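# Examining the three-dimensional arrangement
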Amino acid sequence: MTDTARGTARRYGTRPTMKDVAARAGVGLKTVSRVVNGEPGVTPDTERRVQEAITTLGFRRNDSARILRKGRTASIGLVLEDLADPFYGPLNRAVEEVARSHGALLINGSSAEDPAREQELVLALCARRVDGLVIIPAGDDHRYLEPEIAAGIATVFVDRPAGRIDADVVLSDSFGGAREAVAHLIAHGHRRIGFIGDQPRIHTAMERLRGYRTAMAEAGLPIDASWVALGSTAPERVRAAAAAMLAGPEPVTALFSGNNRVTVTAVRILGERPRPLALVGFDDFELADLVSPAITVVAQDAARMGRTAAGLLFRRLDGIEEPPCRVEIPTRLITRGSGEIPPEDV
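Taking an unreviewed UniProt entry as the reference, the chain is identified by name as LacI family transcriptional regulator belonging to Streptomyces kasugaensis.

## Quick notes on the sheet that holds strand β9 (residues 278-282)
On the basis of which strands lie adjacent, the open sheet formed by six strands has the order β7-β6-β8-β9-β10-β12 and mixed pairing. The open sheet has two edge strands with one neighbour each: β7 (228-230) and β12 (332-334). Strand-to-strand twist in this sheet, taken as the mean axis angle between neighbours without regard to direction, amounts to 15 degrees. Note that strand β6 (residues 193-197) and strand β8 (residues 254-257) share four bridges and pair parallel. The residue of β8 that forms the bridge with I196 is S257. Packing against the sheet, helix α11 (residues 260-271) makes contact with β6, β8 and β9, and its axis sits at approximately 160 degrees to β9.

## A look at the domain arrangement of the chain
Annotation of the chain at the domain level lists domain 1 (4-61), domain 2 (74-172 + 303-329) and domain 3 (174-300 + 332-340). Each of domain 1 and domain 3 has a C-alpha centre, and the two are 62 Å apart.

## A short note on the packing of aromatic side chains
The tally for this structure, following the rule as stated, stands at three aromatic pairs. Geometrically, the ring pair formed by F87 and Y88 is edge-to-face, given 5.1 Å between the ring centres and 75 degrees between the ring planes. Seen from their ring centres, F195 and Y212 are 5.6 Å apart, and the 25 degrees between their planes marks the pair as stacked. Pair noted here: F195 is in strand β6 and Y212 is in helix α9 (residues 203-218), with a separation of 17 residues, a long-range link. Here F195 matches Y212 in class, with each residue buried. Taken together, the aromatic side chains of F195, Y212 and F256 make up a single cluster linked through ring pairs.

Cut-offs used in this document
Residues numbered from 1 in each chain as written. Predicted model: local features only at pLDDT ≥ 70, side-chain atom pairs only at ≥ 80, totals over all residues. Heavy atoms only, no water. Pairing = 2+ DSSP bridges. Helix = DSSP H or I, 4+ residues; strand = E, 2+ residues; numbered from the N terminus. Axes fitted to C-alpha atoms, helices over the stretch in contact; angles between N-to-C directions. Contact = heavy atoms within 4.5 Å. Domains from an automatic or database assignment. Phe/Tyr/Trp six-rings, centres within 6.5 Å; stacked < 30°, edge-to-face > 60°. Buried < 20%, exposed > 50% of the residue type's maximum accessible area, 1.4 Å probe, protein only.

Right, dumping it as structure tokens:
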């Protein structure tokens, strides 16, 4: 008969202790400690009784005190923009693999692109004594982290640099990738190219806009103000921006979308048109190669970014002292068809 059947209430949140194990096995606390920590001085029969008690009670060693005596908690925090964004899946997994190889646990959370929520989450992780942090920043002022960094919490930023502090950062080449994407459209005959990007406060959005402007300038092409739209990636905003660019006597003949969420909406919009329109998206996304035409993209290596950031974090934790560094990961243009469509007026 189970404890519940006997009417004994189960107390959630309480776990068996070494004292409970010692009482069940009929031994002293020191004997249990020796068995748990793999120390000598325990007879085989006594060790068997202790192990049986551990299994029966579901005892798990509490590593907190032992780890804190060493000054490390063997845990790191990862703060993402949005756990549901496909871009962050490979990055998260790569950080976790590096942490695991160092015997550390990864704790992650999402800022939902809210600077206040980012700060709350970061400081909550610091309060839980994580050894280090990998942060995709939502805000542009990270001075709140200065006391934590001074106290020894290693910190690496990813995808976007920290604001108003010097810190390690691992970036994708947003400028170079955007420049290559737009130059690719120009090479296929396009002269009126629209850019739909993310919020202007976001570093990557502005870098991709800079790449777009640079490619157009290098080709000697003017940019009409109506060809650039930055803002929310919500489908209704993207749809309105695209509709404006595709209207009038001289509409754009190609679109460059600033991230995967914008691209997905653009694919839906362009699918409603009687004739295909050239499109290049920044960020690859699932099924991009299966739609018709397949989508030409600027692919980022999110896994490499995660591995690089986590590797840098553990170098800091191992005592490497050097000025904050900036690592830039190259992008790759993948041509699939949508970016090679010629202008309608050619």
